[in-house]
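# Coordinates in review
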Amino acid sequence: MKVLKRLVAAGLVLSLIFVFCSCGNEKNKYTAYSFDYFDTVTTIVGYEKNKEDFDAVCEQIFSLLEEYHKLYDIYHTYLGINNIRTINSQKAAVQVDDKILDLIEYCKEIYSLTDGYTNVAMGSVLSIWHEYRENGSDDPSSAELPDIKLLSEAAEHIDINDIVVDREAGTVELLDDKMSLDVGAVAKGYAVERVAEYLHANDIEGYVLNVGGNVRVIGARADGSPWTVGIENPDTSDEENAFIEYLYMSEGSLVTSGAYQRFYFVDGVRYHHIIDKDTLMPENEFLSVSVRCLDSGLGDALSTALFCMNFEEGKKLLESIDGAEAMWVLPDGEKLYSNGWK
């Protein structure tokens, strides 16, 4: 319940001050929630003339999120849909929706951009950690770490070049039958960005989407002023200070990856879900990394990569990407910034 309250609060910070605001153009602010997509809380905050108009926009947003959620799901199958789980299960050329082809091609670009730190071909390694984390969470008394030999064997099957996209045939094929895809580091942000594109294409502005801490601002508030967006405090024991930084945004995304989101304990030590490509273990140099940039998919991918890089490596990467900035939070609470953050 504490986690749920913090997630809901993360959405509500977008409207802390302006709940009762009615602006000159007679638009009012409304908020909607969903718990159905990407295994997290989705919050929509937006300005419309009436609740009916807002609900109609939300219906379109939720419909798009549902579509992307089903296509990019690695755990479940859906009637009549070939999704990422289908690709992992069949180990052969699978005909898929163009939205999957687009995502995989984007993930290959991200792999090159981040020097392999964000690699959707790491499913064989990540699935082992997922199993141990789930078992350890369900039965803490028997929680244990995966054997490094098991992880190393799985890491022999994470070559992103073994993912073949055939645009003409509309297929994706994994050439290594022991490989599996895990698009969790990119898919949520990528889907949110596609929703933002839809809203802009339909001249819908004055909205903020928050999908599990992946925040996308689509236009300023109805009076032209920026939104107030909060960065969650990675120290979840500090209930008095739910947020540690605030940004004022009229467009763009803010994405945070953190060690406090999905984890379990082994012998009193916390092991989270962000796995370093070299050590095959959770990286613990930072508590969280927040990325601000225009594109939510890029922000999602960068936040994962920066979490596993050291600070200097991360700053160097950001210097090569126009408009991308980051804030790192160290275990002692100290905050570090890229040169253009403030």
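Located above this text is the structure these notes cover.
Being a predicted model, the structure only gives us computed values, none of them experimental. (Residues numbered from 1 in each chain as written. Predicted model: local features only at pLDDT ≥ 70, side-chain atom pairs only at ≥ 80, totals over all residues. Heavy atoms only, no water.)

## A word on the overall build of the protein
Spelled out, the test is: Each helix is a run of H or I in the DSSP string that is no shorter than four residues. Each strand is a run of E no shorter than two, and both are numbered from the N terminus. Atoms considered for the radius of gyration are the C-alpha atoms alone. The globule rule reads 2.2 Å times the number of residues to the power 0.38. Only protein chains enter the accessibility calculation, which uses a 1.4 Å probe. A residue is then buried if its area is under 20% of the maximum for its type, exposed if over 50%, and partly exposed in between. We call two residues in contact when some of their heavy atoms are within 4.5 Å. Per-residue and other accessible areas follow the Shrake-Rupley method at a 1.4 Å probe size, with only the shown protein chains counted as cover for residues. Residues scored as positive are Lys and Arg, those scored as negative are Asp and Glu, and His as well as the terminal groups of each chain are ignored. In plain terms, the charge of a residue is placed at NZ if it is Lys, CZ if Arg, CG if Asp and CD if Glu.
Broken down by element type, the protein carries nine helices and 15 strands. Relative to a compact globule of 342 residues, whose C-alpha radius of gyration would be 20 Å, the protein shows 20 Å and is just as compact. Structurally, the protein occupies a C-alpha span of about 65 × 50 × 40 Å along its principal axes. Each of the 342 residues in the protein was classed as buried or not, and the buried ones make up 54%. Nonlocal contacts in the protein, meaning residues at least 24 apart in sequence, comprise 61% of its contacts between residues at least 6 apart. For the protein, the accessible area works out to roughly 15,700 Å², and carbon and sulfur atoms hold 48% of it. Considering the protein, the positive charge centre built from 28 side chains and the negative charge centre built from 59 side chains are found 4 Å apart.

## Some words on the nonpolar core
Spelled out, the test is: We define a nonpolar core as any set of buried Ala, Val, Leu, Ile, Met, Phe, Trp, Tyr and Cys residues linked to one another through side-chain atoms lying within 4.5 Å.
Grouped together as the largest cluster of nonpolar side chains are 74 residues, with contacts concentrated most on Tyr72, Ile87, Ile100, Ile163, Val186, Leu306 and Trp328. Element by element, the count of residues in this core is highest for helix α2 (residues 51-72), at ten residues. When near neighbours in sequence (up to four residues on either side) are disregarded, Val186 contacts Leu103, Tyr106, Cys107, Thr118, Val120, Gly297, Asp300 and Ala301.

## Section: the sheet that holds strand β5 (residues 171-174)
Selection rule: Here, any two strands with at least 2 DSSP bridges between them count as paired. Where helices are involved, their axes are fitted lines through C-alpha atoms of the stretch in contact, as for all axes, and angles between N-to-C directions lie from 0 to 180°.
Here three strands make up an open sheet; going across it, the order is β3-β5-β4 and the pairing antiparallel. Each edge of the open sheet carries a strand with a single partner, namely β3 (94-95) and β4 (163-166). Two elements, β4 and β5, share four bridges in a ladder whose sense is antiparallel. Looking across to β5, one finds that Ile163 is bridged to Leu174. Its contacts with the sheet put helix α4 (residues 98-113) on β4 and β5, and the angle it makes with β4 is roughly 130 degrees.

## Describing the environment of Gly314
Turning to its location among the elements, Gly314 is positioned in helix α9 (residues 311-319). A residue is classified by how much of its surface remains accessible, and Gly314, at 0% relative accessible area, is buried. The spacing of Gly314 and Trp328 is 14 residues in sequence and 9.7 Å in space, taken between C-alpha atoms. Among residues more than four places away in sequence, those in contact with Gly314 are Leu306, Met309 and Trp328.

## Structural notes on the pattern of salt bridges
The condition is simple: Any Lys or Arg side-chain nitrogen located within 4 Å of an Asp or Glu carboxyl oxygen qualifies as a salt bridge.
On inspection of all chains with the given rule, the structure shows twelve salt bridges. Taking the shortest distance from any N to any O, the salt bridge between Arg167 and Glu105 comes out at 2.9 Å. Note that Arg167 is positioned in the loop between β4 and β5 and Glu105 in helix α4, a separation of 62 residues in sequence. According to the relative accessible area criterion, Arg167 is partly exposed, its value standing at 38%. Residues participating in the shared-partner salt-bridge network are Glu67, Asp97 and Lys99.

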